[in-house]
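Chain by chain, the residues run as shown.
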Amino acid sequence: MTSWAGIAERIGEATGEPFAIERERSVGGGCINRAAVIDDGRRSYFVKLNAADRAEMFAAESEGLSAMAEAEAIRVPQPICTGVADGQSFLVMELIDLGGRLNGALAGEQLAAMHRSSSGTFGWHRDNTIGSTPQSNRRDADWIAFWREQRLGYQLRLAADNGYGGTLQRSGERLLADLDVLLGHDPIPSLLHGDLWGGNIGSTPDGQPVIFDPAAYYGDREADLAMTELFGGFGADFYAAYRSAWPLDPGYPVRKTLYNLYHVLNHLNLFGGGYLGQSSQMIARLLAEIR
Ligand code: ADP
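Residues numbered from 1 in each chain as written. Predicted model: local features only at pLDDT ≥ 70, side-chain atom pairs only at ≥ 80, totals over all residues.

(A) Local environment of the packing of helix α4 (residues 143-161) against helix α9 (residues 252-271). Between α4 and α9, the least distance of the axes is 9 Å, while the angle of their chain directions is 20°. Between α4 and α9, the angle falls in the class roughly parallel. For the element pair α4 and α9, the recorded crossing hand is left-handed. Each of Arg151, Leu152, Gln155, Leu156, Leu158 and Ala159 in α4 lies in contact with α9, whose residues at this interface are Leu261, Tyr262, Leu265, Asn266, Leu268 and Asn269. A class-by-class count of the residues in the contact of α4 with α9 yields eight nonpolar, three polar and one charged. (Axes fitted to C-alpha atoms, helices over the stretch in contact; angles between N-to-C directions. Helix = DSSP H or I, 4+ residues; strand = E, 2+ residues; numbered from the N terminus. Parallel < 35°, antiparallel > 145°, perpendicular 65-115°, else oblique. Left-handed = near helix turned anticlockwise from the far one by under 90°. Contact = placed C-beta atoms within 7 Å. Nonpolar A, V, L, I, M, F, W, Y, C, P; charged D, E, K, R; others polar.)

(B) View of the packing of α9 against helix α10 (residues 275-290). At a minimum axis distance of 9 Å, the contact between α9 and α10 shows a crossing angle of 155°. Between α9 and α10, the crossing angle belongs to the class labelled roughly antiparallel. Note on packing geometry: the crossing formed by α9 with α10 is left-handed. Counted together, Val254, Thr257, Leu258, Leu261, Val264, Leu265, His267, Leu268 and Phe271 of α9 and Tyr275, Leu276, Gln278, Ser279, Met282, Ile283, Arg285, Leu286 and Glu289 of α10 form the full contact between these two elements.

(C) Spotlight on the pairing of strand β5 (residues 88-94). Extensive coverage of β5 is indicated by the burial of five of its seven residues. In this sheet, β5 lies alongside strand β3 (residues 44-51) in antiparallel orientation, the contact comprising seven bridges. Bridging across to β5, Ala51 finds its partner in Gln88. Two strands pair when backbone bridges link them, and strand β4 (residues 79-85) and β5 are joined in this way by six bridges, in the antiparallel orientation. Bridge assignment links Pro79 to a residue of β5, and that residue is Met93. Here β4 folds back onto β5, and the loop between the two strands holds two residues, one of which, Asp86, carries a positive phi near 50°. (Buried ≥ 20, exposed ≤ 12 C-beta atoms within 10 Å, placed from the backbone. Pairing = 2+ DSSP bridges.)

(D) Highlighting helix α2 (residues 55-70). Helix length check: α2 (16 residues) gives 23 Å between terminal C-alpha atoms against 22 Å at 1.5 Å per residue, within 8%. In the stretch just after α2, Glu72 is the one whose phi turns positive, near 50°. (Expected span 1.5 Å × (residues − 1).)

(E) Broad picture of the domain arrangement of the protein. Segmenting the protein into domains produces domain 1 (5-94) and domain 2 (104-290). Here the C-alpha centre of domain 2 lies 27 Å away from the C-alpha centre of domain 1. Counting residues at the interface gives 16 residues for domain 1, matched by 21 residues for domain 2. Classifying every residue of the side of domain 1 that touches domain 2 gives 12 nonpolar, one polar and three charged. (Domains from an automatic or database assignment.)

(F) Structural context of the nonpolar core. Counting 66 residues, the largest nonpolar core has Ile11, Val92 and Ala216 as its most contacted members. Top element by residues in this core is α9. It accounts for seven residues. Both of domain 1 (5-94) and domain 2 (104-290) provide at least three residues apiece to this core. The contacts of Ala216, once residues within four sequence positions are left out, are Gly64, Ala67, Met68, Trp124, Asn128, Leu191, Leu192, His193 and Gly194. (Core = buried A, V, L, I, M, F, W, Y, C linked by C-beta atoms within 7 Å.)

(G) Highlighting the sheet that holds β3. The strand order across the open sheet formed by five strands is β1-β2-β3-β5-β4, and the pairing between neighbours is antiparallel. Taken across any chain shown, the strands that pair with only one partner, and hence form the sheet edges, are β1 (23-27) and β4. In this sheet, neighbouring strand axes are inclined to one another by 25° on average, regardless of whether the strands run parallel or antiparallel. Those strands touched by α2 are β3, β4 and β5, and its axis lies near 170° from that of β4.

Pasting the structure below:
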């Protein structure tokens, strides 16, 4: 049973209007957190809940939503408040009706516009999480070093800790050593969603694309695009519109595998099983490109 008194009080403080919950309904579908819709008869909010020790994860998610909202390129739920109350951590945000059908062309154009939002260096002002795995975002002007140390290297070390040593580690280390051969295209630091698979995009009934559940940082925009293709793809209209708004550099198909390797390694670390074979195959394909 969820207790709402503390969260309701925080909503009241954040919005300047007292909030007394009249109704709550649990909503399913999230991978990591519990979620609910609450309302006081006039206002409704979408709330994510987890154990009290996950407050930093929600704080980072809230800041990611704010950063994407500030880009004013693609709609995201506005965060209202986050913290710990009644023994649980919470993130309250704007409730958006996601019952529409995605307009892929508009989503592609708007994502390209968000990626125009740039920063001096890669990384972010804080760490966050990818799924429930920590994601390090230490600022670095060198994209290759960033991807080597804070993305692939981190997940490979985690895999070693999880018992995936041997061949995966040896081939992974060879890949890291030669990363500059694959990543020589000189991207700018773009604001990324960071976890942009099909489960984290939706549409309002009137056709406004919405992205949510980010793992934001500044990085190569191709890393966002690559992930859209990892579990299915967003449709031809989406990619055509993105490329017409901002063409991709030559060599993207190889970098796509390199960028998605990060997420597949993360899945290996979170779920194990078949992701070991998939990770090894991806590394083998990339090593073949280097030779
Ligand atoms: P998790 O972090 O647990 O994966 P998500 O943030 O992906 O959770 O949210 C779970 C589901 O809830 C989403 O797939 C989406 O359908 C819905 N959802 C997420 N945010 C909102 C929102 N602001 N308003 C309405 N529905 C939302």
